[in-house]
Every structure is written in structure tokens, then in C-alpha cells.
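# Structural features, examined
Chain residues, written in single-letter form:
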Amino acid sequence: MHLDGVILEWVFVIVRILAIFVITFMIVPYTVMAERWVCAWIQDRIGPNRTGWFGLMQPWADALKLFLKEDIIPHHVRKVYYVIAPTLVFLPALLTMALMPWGSNLGPMSCVLADIGPGMLVVFAVGACSVYGIVLAGWASNSKYPFLGGVRSAAQLISYEVCIGLSLVAIFMQTQTLNLTQTVLYQAANGWLVWQQPLAAFLFLICMFAETNRAPFDFPEAEQELVSGYNIEYSSLKFGLFFLGEYANLMVASMLMVTLFLGGWSLPFAPLNAPAQVWWVGAAHVAIFIAKTACLLFLFIWVRWTVPRFRYDQLMGLGWKVLFPLALLNILITAVVLGLRGGA
Amino acid sequence: MHPLEHFWPFIAFGAMVVAAIGFSIIAVTFPSILGPRKTHNEIKDSAYECGLPATTGTPARFSVKFYVVAMLFILFDIEVVFLIAWGVLYRKLIKPEGAGGLGWAALAVAVIFLLILEAGHIYAWRSGALDWASWRSRPQQEPRA
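Residues numbered from 1 in each chain as written. Chains lettered and ligands numbered in written order. Predicted model: local features only at pLDDT ≥ 70, side-chain atom pairs only at ≥ 80, totals over all residues.

### Focus: the overall build of chain B
What chain B contains, in helices and strands, is four helices and zero strands. Listing every helix and strand of chain B by position from the N terminus yields α-α-α-α. Burial statistics for chain B: of 145 residues in total, 14% are counted as buried. (Helix = DSSP H or I, 4+ residues; strand = E, 2+ residues; numbered from the N terminus. Buried ≥ 20, exposed ≤ 12 C-beta atoms within 10 Å, placed from the backbone.)

Okay, structure coming up:
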């Protein structure tokens with residue numbers, strides 16, 4: 001790689017960072033929008049339909065409003081942590097996007113920003129940081145409801161973190177890699193992992209509901225118990241960042257599920273099941289990836305407006321007494337089946 | 001080969017960190033520039049409660065169960081790290097001894113490891129560490145005067 005190569009590489013890096021921001025800020029506001037529409041539809045209401053065409057400008061109007069609101073910092077908070085907490089909810093989601101293969105390649109540019117060898121370890125490490133945002137917000141607010149929400153959330157997130165790790169060990173045993181791109185290539189060649197590892201996929205999906213604080217596991221903010229949980233003392237765009245971070249985490253969770261279990265950017269037939277050679281296949285891969293993500297996002301929304309919230313002891317019981325043993329069992333079954341096939 | 005080639009993913013990741021932190025700084029500082037001037041009064045600065053002045057201070061007391069869960073998490077998550085390393089290599093290790101693997105010994109070591117781990121899990125379960133406010137761990141109710 002001579003100097004031109006280095007410059008080209010920097011151009012690619014910048015283009016892909018911009019692409020990540022564009023993808024995030026197109027998907028996240030419209031997920032919020034979709035949430036409100038689907039919720040309205042399920043509850044037999046109309047939903048927001050006035051701002052712009054069919055209400056399509058609503059999320060931007062909301063964002064603008066949050067930008068222009070008074071930024072209240074109450075006197076009783078711990079100021080430094082109070083200010084950095086909302087960013088800590090949002091940062092992990094953006095950083096995980098850097099490792100996500102949201103397409104195969106567009107011309108000479110691969111669609112993964114940072115194709116780090118053991119990428120899943122980085123995803124685990126960065127993803128686990130999002131718990132700090134919520135706990136810090138709860139603690140820094142110096143108020144009762146946020147504190148309870150933060151503590152609850154910490155216990156919930158770390159309990160399900162164990163099950164995520166264990167359910168993915170079975171995937172690593174099959175694919176023999178921690179790299180997300182390699183995982184997608186494996187699935188393009190050998191079929192989607194959701195068919196080969198249905199139990200792991202099921203466990204991972206449940207854990208993702210818990211990790212993103214979605215109903216039926218939305219304890220950190222359980223409206224009827226904690227009003228709004230860890231973010232009540234926040235206003236203006238700081239509150240907006242929590243909101244954004246929550247939906248960005250939801251998007252990243254869906255994308256991880258797509259990448260690890262649903263074949264990533266691939267579809268199981270001829271031009272679409274291998275890295276793109278021509279640009280329109282590359283564009284199709286990006287579209288396929290986003291379409292799969294959108295389907296999963298719809299599932300998340302659908303479940304939220306259909307299933308009632310668990311009780312807190314049921315949540316912890318489910319994590320430690322049901323999912324944990326099931327994940328171990330799944331590893332054992334995978335090990336025995338792979339052993340009987342002689343590792344092939 | 002350029003010496004930087006192996007580091008590109010990490011450089012790119014670093015660039016993303018910088019971009020993301022830059023975005024965060026903008027998002028946190030902009031509203032105080034664009035928004036209305038800050039005003040303070042007693043009601044605005046009080047902690048959010050049900051509308052009445054708070055009767056107890058913060059931080060509120062919370063259950064010791066949260067500590068127990070945190071400790072259990074550390075124990076079991078370390079074990080996940082070991083299993084990831086074993087899992088990635090498993091298909092190479094399980095090959096018959098002639099083909100460069102360990103045969104069933106590769107599975108046996110993991111099963112022994114998992115059994116020890118599961119013994120700890122069952123112990124925690126039996127001792128009530130995983131129960132939240134079950135009838136066993138609930139304190140005896142004080143008789144009312």
C-alpha cells in the first residue's frame with residue numbers, strides 16, 4: 001500500500017463513518033415513528049398523521065423541539081456524571097455500528113468500518129458499557145425513582161449478559177470465528193444459523209429484549225412503578241439522547257440478530273449469497289440487511305404493545321433459572337452433535 | 001505490505017470513537033446555546049417526587065440482593081470467556097487423534113468444567129441467592145403494636 005492507498009483508505013473510513021451516521025439517523029427516528037404508528041394501530045387509534053406527509057416529519061419536529069427546550073440542570077444532581085450519562089447510553093450503540101457488516105462491499109469499499117479480527121469480543125466489551133450510562137444517570141440524578149431504576153437496570157442487564165455470552169458460544173462452535181463478516185460468509189455458504197441453532201437464536205432474542213429494556217422487560221422505566229425511571233430528572237436534548245440511545249440500542253440489537261442468525265446481508269440464492277462483484281448487488285445487499293433489520297424492529301414493537309410486563313422476581317428467575325441452564329444445555333447438544341460428525 | 005495494514009480496522013475504530021464523542025459533545029452543549037435562558041426556582045430544583053417535598057434523603061436504601069447478583073455475574077461471566085475460547089477451537093479439537101485433534105477428550109474437559117460450574121449454580125440456587133422476595137428470603141413480619 002503506497003501513499004495513494006493510504007489516502008484512499010482514509011476516504012473510505014470517512015465515507016463509512018458518514019454512512020453509519022446516516023443509517024443510524026434514518027432508522028432511529030423512523031423506528032420511533034413506527035412505534036407510534038404500530039401502537040396506534042394495535043390500540044385502534046389513528047396515531048400521529050399531521051406533521052408533513054402522513055406524519056412523516058413528526059420525528060424531526062420532535063427532535064427540533066427538544067433542541068430548542070430549556071436545558072434544566074437541577075441543583076441536587078452530581079453535575080459531571082449527570083452530563084456524561086446520556087452520552088454513555090448512546091455511544092456504545094454508535095461504536096457497535098462500526099463493527100457491523102451492513103453490506104458486503106460497494107465497489108472497492110468493504111461495508112464494515114472496522115473489520116477487527118475478534119469483532120464479537122469488541123461488541124461484547126462495548127455493548128456492556130451501555131449499562132454504565134443508565135446506572136450513572138440513576139445515581140447522578142440524586143433522586144429516588146431514577147436511583148431505583150438505575151439499580152434495577154444494572155441487575156437486569158448483567159443477568160442477561162451471561163445468557164447472551166453462553167447462547168453465542170454455540171454459534172462460535174459452529175462458525176469457528178469471532179469475526180462478524182466471517183459469520184455472515186459462513187451463513188451465506190452453509191445456510192442461516194437460525195435453522196441450525198434455533199435454541200440459541202431464541203435465547204439470544206429474549207436476552208436482547210432484556211438488554212434493550214424493552215417490554216416485557218422494561219423495568220428501568222416501568223411507568224406505573226417508577227414514573228419514568230432513570231431519566232426523569234433530565235430535560236431537553238439530554239432526555240432526547242436517552243431516547244435516541246434506547247432506540248439506537250434497539251436497532252443495534254436487531255442488526256446483531258440479523259448478522260449472527262439471519263444471514264446478515266445475504267439471501268440464499270445465486271447472486272446474493274456471495275460478496276458483491278458488481279455495484280447493484282452491493283446496493284441490494286445493503287437493502288436486504290436494512291429490510292431484515294426493519295422486520296426485527298417491527299417484531300420488537302409488536303411484542304411491546306402485546307405482552308404485559310413481567311414481575312421483577314420473574315425476570316431474574318427467568319434469566320438465572322431458565323435461560324442460563326438452557327444455554328448450557330444448548331452448548332452441550334452442539335458439542336455432542338459436532339463431535340458425532342467428527343468436527344466436520 | 002504497508003506496515004499499517006493490520007492496524008486499519010483499529011484506526012478506523014478510533015476514528016469512529018472520535019466522531020461519536022464529537023457528536024455527543026455537540027448534542028450535550030447545543031441546547032444550552034439554542035434554548036431559552038436558564039432560570040431556577042425552588043420547585044424546578046427539587047427532586048422529582050409525587051409533588052410533595054421529599055421526606056427522606058438520597059441515595060435511597062436498596063436491597064442487598066443487587067450486590068449478590070453482581071457477584072454472581074462476575075463469576076459466571078468469567079466462565080463465559082473461557083467457554084468462548086474453547087468454543088472457537090472446538091471443531092479443530094474434536095477431530096480424531098489421527099487428524100490432529102484430541103478426539104472426545106476435547107468434549108470431556110469441557111463437560112467436567114461445566115459440571116463444576118453447574119454445581120456452583122445449583123448451590124447458589126439452593127441457598128436462595130437467585131430468589132427475589134420469595135417466602136424463604138422474606139424477613140419475618142413484625143407484629144403490629
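### Some words on the packing of helix 9 (residues 198-211) of chain A against helix 11 (residues 236-261) of chain A
All names here are of chain A. Two numbers describe how helix 9 lies on helix 11: the axes approach to 10 Å, and their chain directions differ by 170 degrees. Taken as axis vectors, helix 9 and helix 11 run roughly antiparallel relative to one another. Seen along the crossing, helix 9 lies across helix 11 with a hand that is right-handed. Contact with helix 9, carried on its side by A201, F204, L205, M208 and E211, involves A253, M257 and F261 of helix 11 and no other residues of that element. Partitioned by chemical class, the residues of the contact of helix 9 with helix 11 number seven nonpolar, no polar and one charged. (Axes fitted to C-alpha atoms, helices over the stretch in contact; angles between N-to-C directions. Parallel < 35°, antiparallel > 145°, perpendicular 65-115°, else oblique. Left-handed = near helix turned anticlockwise from the far one by under 90°. Contact = placed C-beta atoms within 7 Å. Nonpolar A, V, L, I, M, F, W, Y, C, P; charged D, E, K, R; others polar.)

### Some points on the domain arrangement of chain B
For chain B, the assigned domains are domain 1 (5-45) and domain 2 (65-126). The distance between the C-alpha centroids of domain 1 of chain B and domain 2 of chain B comes to 40 Å. (Domains from an automatic or database assignment.)

### As for the packing of helix 6 (residues 144-175) of chain A against helix 9 of chain A
Residues and elements named next belong to chain A. At a minimum axis distance of 9 Å, the contact between helix 6 and helix 9 shows a crossing angle of 155 degrees. Regarding the angle of helix 6 to helix 9, the classification is roughly antiparallel. Remark: the crossing between helix 6 and helix 9 carries left-handed chirality. Between helix 6 and helix 9, the contacting residues are Q156, L157, Y160, C163, I164, S167, L168, A170 and I171 on the first element and A200, L203, F204, C207, A210 and E211 on the second.

### Quick notes on the nonpolar core
The biggest cluster of nonpolar side chains holds 130 residues, and the ones touching the most others in it are C163(A), F204(A), C207(A) and M257(A). Broken down by element, the residue count for this core peaks at 19 residues, all from helix 6 of chain A. Viewed by domain, this core spans two of them, domain 1 (5-45) and domain 2 (65-126) of chain B, each represented by three or more residues. Ignoring any residue separated from it by four or fewer positions in sequence, one finds M257(A) in contact with F204(A), L205(A), M208(A), L262(A) and L296(A). (Core = buried A, V, L, I, M, F, W, Y, C linked by C-beta atoms within 7 Å.)

### What to know about the interface of chain B and chain A
Taken together, the 58 residues of chain B in the interface contact 65 residues of chain A. At the level of secondary structure, the elements contributing two or more residues to the side of chain B that touches chain A comprise helix 1 (8-34), helix 2 (42-45), helix 3 (65-93) and helix 4 (105-126) of chain B. It is helix 1 of chain B that provides the largest number of residues to the side of chain B that touches chain A, a total of 17 residues. Its residues assigned to classes, the side of chain B that touches chain A comprises 41 nonpolar, eight polar and nine charged.

### Brief notes about helix 13 (residues 312-340) of chain A
Compared with an ideal rise of 1.5 Å per residue, which puts 29 residues at 42 Å, helix 13 of chain A spans 41 Å between its outermost C-alpha atoms and is within 8% of the ideal. Of all the residues in helix 13 of chain A, the buried ones are L315(A), M316(A), G319(A), W320(A), L323(A), F324(A), A327(A), L328(A), N330(A), I331(A), T334(A) and A335(A). Packing partners of the buried residues in helix 13 of chain A comprise helix 6 and helix 9 of chain A together with helix 3 and helix 4 of chain B. One or two positions beyond helix 13 of chain A, positive phi appears at G342(A), with a value near 70 degrees. (Expected span 1.5 Å × (residues − 1).)

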